[in-house]
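Okay, here's what each chain looks like letter by letter:
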Amino acid sequence: MSRLQILLVVNRLHCNICKTTQQLKRSIVDTSGRHYGSMVSTSLPDVDSEIEAVSVHSLRGKAMRAMQERLKQRAPLPPSRELKMAEDQDWTSVYPTAATFKWSAVPLSVRMGYPVRRGIPPHKVGNAELMKIPNFLHLTPPAIKKHCAALKKICTEWPAVLDTDEACDNHLPITIETSDYVFTGPSLRRPISRIVQLKMKLSVLPLDEHARWKLIQLLGKNYNKKSDEITLTTERCPVRRQNQDYAMYLLSVLFHEAYIAEPWELSEMTEDDMEFYTWESGGSKENVLRVKKKMIGSEADQPSKEEDICRHEDVEEFKTAYTDLCNNPETLESLSNYKHAVLNLVGRNSESLKSETEVS
């Protein structure tokens, strides 16, 4: 091969490389323009300029122009529903139930999404972000009024007996508390919404002294002594209705178990185990009777004398003061009453004790 032939081949390769480089640059420019046009939400890409940039004699140019001609021959699409809505449109017929966001049915300029190149969020047309999240377009005030009007037909009148809160508490003592949560997520149901709280007053239950004491011991921290309220919280079952039934089952089991008196409960029970101090079951009554018998010189085996001693004014005063001191918080008044009751019980009043102290 001569030197001239080699130069011609090298020149031809150089021309081919230049052409390929120009085509690559042109395709990159076209691709970047189309990419930027698709990301802009406010306007559609300029199809005519893209078709003109392609050669008329290429297969791609012929196909694009043929497609453009077929699109021009098509009938135009009808306007969207939002453009045909009247000002007094019945919105409940547009969104009667919960549904995905429809851009053509919402006459609002809604935008949502990440703004591209410091622009504005994408428009609602074909916006997938608006279709991902749940909406409340079906729960507008007119829709809620229609639902209430439909439910009112099957509702009964409020009972005249339940006109006050006290009457409601007397006739409906059990209160069930649940919680509903509204949040954005893959499901509208939150797992912790299954938790159920049952509340009621302990005084409503028909309990005797032993059953009341035992029920309080079984409840433990679930009983509030200040408000006299029982609180049972259930969350073991996966469904709220199951937890509600389980709470009612626990209440019935506790009620029936409180009436069961085991032999050891009656024999081994002490004053510290009782909820309140009682004069009849406490040891102070025996101590007072023993002291009073020695003071009046009566026989210990005479039960009729014990009844007479318990009716004495000083014994009744001591009984009231000591019971109040044991069952209520300690105050200066309760301590003073207990002091006077003890002095009167042993035959010493506060004035004589004060005079003796001054003399000594």
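Rules of the game
Residues numbered from 1 in each chain as written. Predicted model: local features only at pLDDT ≥ 70, side-chain atom pairs only at ≥ 80, totals over all residues. Heavy atoms only, no water. Axes fitted to C-alpha atoms, helices over the stretch in contact; angles between N-to-C directions. Helix = DSSP H or I, 4+ residues; strand = E, 2+ residues; numbered from the N terminus. Parallel < 35°, antiparallel > 145°, perpendicular 65-115°, else oblique. Left-handed = near helix turned anticlockwise from the far one by under 90°. Contact = heavy atoms within 4.5 Å. pLDDT = per-residue confidence, 0-100. Expected span 1.5 Å × (residues − 1). Buried < 20%, exposed > 50% of the residue type's maximum accessible area, 1.4 Å probe, protein only. Arc of directions from axis to C-beta.

Trainee: Describe the packing of helix α12 (residues 284-296) against helix α14 (residues 313-327), with residues and values.
Mentor: Look at α12 against α14: their axes get within 12 Å of each other, and the N-to-C directions meet at 155°. Between α12 and α14, the interaxial angle falls into the category roughly antiparallel. Of the two possible hands of crossing, α12 and α14 adopt the one that is right-handed. On the side of α12, the interface is formed by Ser284, Val288 and Lys292, while α14 contributes Asp314, Val315, Phe318 and Tyr322.

Trainee: Lay out the confidence of the model for the chain in plain terms, naming residues and giving numbers.
Mentor: Confidence in the prediction for the chain averages 79 pLDDT; 76% of positions are at 70 or higher. Between residues 28-44, whose pLDDT stays under 50, and residues either more than four places distant or in other chains, the model counts 13 contacts. For the stretch residues 298-304, pLDDT sits under 50, and the model shows 4 contacts to residues farther than four places along the chain or on other chains.

Trainee: Tell me about helix α10 (residues 240-258), and please be specific about residues and values.
Mentor: With 19 residues, α10 extends 27 Å between its outermost C-alpha atoms, agreeing within 8% with the 27 Å of an ideal straight helix rising 1.5 Å per residue. By the burial criterion, the buried members of α10 are Asn243, Ala247, Leu251, Leu254 and Ala258. Buried residues of α10, viewed axially, fall in a sector of 85°; they line one side. Structural note: α10 exposes Arg241 and His256 on the side pointing more than 90 degrees away from its buried face. Where α10 is buried, its residues contact β2 (196-201), α9 (209-219) and β4 (229-234).

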